[in-house]
Amino acid sequence: MITPNEKSFSTLIHLSSLSQYFIPFGNFIFPIVLWSAKKKDSEFIDQQGKQVLNFQLSMFLYALILCLIAIPILIYVVLKNVSLNDIINENEIFVDTMSVGNMTGFVILGVVAATIFGFLKLMEFILIIYASVNSSNGENYKYPLTIPFFK
């Protein structure tokens with residue numbers, strides 16, 4: 001039987017990962033601190049804490065991969081359309097040379113990666129709220145597309 005205190009604490013662990021919007025790496029720091037404080041007291045809290053950390057690490061890995069795709073493409077497209085002389089002379093030609101005709105398939109890949117990144121962050125927010133509600137009801141929630149770093 002899961003006590004109301006365990007439900008509340010596991011909900012707090014899930015919601016603490018939303019601190020990433022206010023504190024850098026708060027989505028790792030606060031869940032780790034809360035989980036490590038109570039993981040030996042309750043199996044339910046231990047399971048939910050592992051789920052939160054696995055999900056946050058997975059989201060970080062996915063975001064890192066998308067950034068490794070999108071950022072070099074963005075730099076390539078910008079540098080391809082501007083010559084070194086334009087940068088040194090500080091001409092205003094940069095805006096004129098950026099046109100749809102100068103964009104390549106790389107740009108499409110970069111835009112797709114950036115769109116997936118935005119969708120990923122939106123789904124992360126929704127799934128955290130959904131997991132918090134399930135946790136407050138005493139249900140074990142497993143995040144989708146999560147790599148099990150902690151078992």
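Residues numbered from 1 in each chain as written. Predicted model: local features only at pLDDT ≥ 70, side-chain atom pairs only at ≥ 80, totals over all residues. Heavy atoms only, no water.

Caption draft 1: Summary view of the pattern of salt bridges. Following the criterion strictly, the structure yields 2 salt bridges and no others. Asp 46 is the salt-bridge partner of Lys 50, the closest N and O atoms lying 3.4 Å from each other. Highlighted residues: Lys 50 and Asp 46, both in helix H3 (residues 43-80), separated by 4 residues, approximately one helical turn. We note a salt bridge from Glu 124 to Lys 121, for which the minimum N-O separation is 2.8 Å. Placement of both Glu 124 and Lys 121 in helix H6 (residues 105-136) is noted, with a separation of 3 residues, approximately one turn of the helix. Glu 124 sits in the buried class, given a relative accessible area of 1%. Classification of Lys 121 as partly exposed rests on a relative accessible area of 26%. (Salt bridge = Lys/Arg side-chain N within 4 Å of Asp/Glu carboxyl O. Helix = DSSP H or I, 4+ residues; strand = E, 2+ residues; numbered from the N terminus. Buried < 20%, exposed > 50% of the residue type's maximum accessible area, 1.4 Å probe, protein only.)

Caption draft 2: Region of interest: the packing of aromatic side chains. Counting across every chain of the model gives 7 aromatic pairs. On the basis of an interplanar angle of 70° and a centroid distance of 6.1 Å, the ring pair of Tyr 21 and Phe 125 is categorised as edge-to-face. One end of the pair, Tyr 21, is in the loop between helix H1 (4-16) and helix H2 (26-38); the other, Phe 125, is in helix H6, and 104 residues separate them in sequence. Centroid distance Tyr 130 to Tyr 141: 5.3 Å. Interplanar angle 80°. Geometry classified as edge-to-face. Here Tyr 130 is found in helix H6, whereas its partner Tyr 141 is found in the segment after H6, with 11 residues between them in sequence. (Phe/Tyr/Trp six-rings, centres within 6.5 Å; stacked < 30°, edge-to-face > 60°.)

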